[in-house]
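Residue-level listing of the chains:
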Amino acid sequence: FIPIAEESGLINRIGEWVLEQACLQRQAWRGLVDDEFRVAVNLSARQFNSNVVSMVENVLQRTGIPSRQLEIEITESMVMTDADSSIALLKSLNGLGINLAVDDFGTGYSSLSYLKRFPLHKLKIDRAFVSDLPDDEEDAAITRAVIAMAQSLGLKVIAEGTETLEQIRYLRDQGCNEVQGYYCSRPLPARELEKLMQNRGCRLDLE
């Protein structure tokens, strides 16, 4: 339904509602997680316009969530469609104090001259490069290169689609900061996720 919502213009109202619900959930978890625990919310390409900054700012004010506890995810293709305009928007969002992540990194075309100008905090390696790790030499080479580049730019790296312990150990050894995928947990309703966090926290023992 997302393409239909984007075509009809409803995505702006839906996206704002999703953002507000995520922020309210973060507030509900105040006693369960540490102060630096962030919730990440994807933006639609249709939301990434001049109105997005005021929308995010209004949601932060309504929900009372500290801006450092929110992470906004945008795709590589979104920021590269009009890179100069994207820089201005990202700087304004960064000025609110939120974290900014580029989702599905590696699937589009990024100009490194622009990438270094984006006020980003994190790159997310697309699952297409993770699923065959550590055996696929090409995927391993791309993954190492992305991690090295991110580190040189002072960015954290999160790998998507991690489903095996071998993948996670390889990524850890290469300097990847975080992982996301079914090995950690499948998507869960909030109450079930609370139980998971209470039982083992948000970190994995890889030894």
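The coordinates are above.
Residues numbered from 1 in each chain as written. Predicted model: local features only at pLDDT ≥ 70, side-chain atom pairs only at ≥ 80, totals over all residues. Heavy atoms only, no water.

Caption draft 1: Focus on the packing of helix 7 (residues 137–152) against helix 8 (residues 165–174). Between helix 7 and helix 8, the shortest axis-to-axis distance is 10 Å and the interhelical angle comes to 40 degrees. Between helix 7 and helix 8, the angle is such that the two are oblique. Read as a crossing pair, helix 7 and helix 8 show a hand that is right-handed. Contacts between helix 7 and helix 8 involve A140, T143, R144, I147 and Q151 from the former and Y170, L171 and Q174 from the latter. (Axes fitted to C-alpha atoms, helices over the stretch in contact; angles between N-to-C directions. Helix = DSSP H or I, 4+ residues; strand = E, 2+ residues; numbered from the N terminus. Parallel < 35°, antiparallel > 145°, perpendicular 65-115°, else oblique. Left-handed = near helix turned anticlockwise from the far one by under 90°. Contact = heavy atoms within 4.5 Å.)

Caption draft 2: Highlighting the pairing of strand 1 (residues 39–42). Here strand 1 shows one buried face, formed by V39 and V41, and one open face, formed by A40 and N42. Strand direction decides the pairing type here: strand 1 and strand 2 (residues 70–75), joined by 4 bridges, are parallel. Its bridge partner being in strand 2, A40 is matched across the sheet by E71. Running through helix 3 (residues 52–63), the crossover from strand 1 to the neighbouring parallel element strand 2 is right-handed. (Buried < 20%, exposed > 50% of the residue type's maximum accessible area, 1.4 Å probe, protein only. Pairing = 2+ DSSP bridges. Right-handed = clockwise from strand over helix to strand, strands pointing away.)

Caption draft 3: Broad picture of the nonpolar core. Counting 53 residues, the largest nonpolar core has L19, F48, V56, L70, F118, L120 and L123 as the members making the most contacts within it. Looking at which element gives the most residues to this core, the answer is helix 3, with 6 residues. Other than its neighbours up to four places away in sequence, L123 contacts V102, F105, V146, M149, A150, L155, K156, V157 and I158. (Core = buried A, V, L, I, M, F, W, Y, C linked by side-chain atoms within 4.5 Å.)

Caption draft 4: Summary view of the environment of C23. Relative to the assigned elements, C23 resides in helix 2 (residues 11–28). Judged by relative accessible area, which is 0%, C23 ranks as buried. Residues C23 and V59, spaced 36 residues apart in sequence, show a C-alpha to C-alpha distance of 7.9 Å. Excluding residues that lie within four positions of it along the chain, C23 makes contacts with V59, T63, I65 and L70.

Caption draft 5: The pairing of strand 5 (residues 156–159), seen in detail. When strand 4 (residues 122–125) meets strand 5, the two strands line up parallel, connected through 4 bridges. Bridge pairing in strand 5 links I125 to A159. Of the crossover connections in this fold, the one passing from strand 4 over helix 7 to the parallel strand 5 is right-handed. As defined by bridge partners, strand 5 adjoins strand 6 (residues 178–179) across 2 bridges and the pair is classed as parallel. Pairing of I158 across the sheet is with E178, part of strand 6. Note that the unit made of strand 5, helix 8 and strand 6 has a crossover that is right-handed.

Caption draft 6: Highlighting unusual backbone geometry. Residue P134 follows L133 across a cis peptide bond; omega there is 0 degrees. Following the sequence through the fold, P134 ends up in the loop between strand 4 and helix 7.

Caption draft 7: Geometry of the sheet that holds strand 5. What the 6 strands build is an open sheet, ordered 1-2-3-4-5-6; its pairing is parallel. The outermost strands of the open sheet, each flanked by one partner alone, are strand 1 and strand 6. By the bridge criterion, 3 bridges tie strand 3 (residues 99–105) to strand 4 in an arrangement that is parallel. Across the sheet, residue A101 finds its bridge partner in strand 4, namely K122. The strands that helix 7 touches are strand 3, strand 4 and strand 5; relative to strand 4, the one it contacts most, it runs at about 175 degrees.

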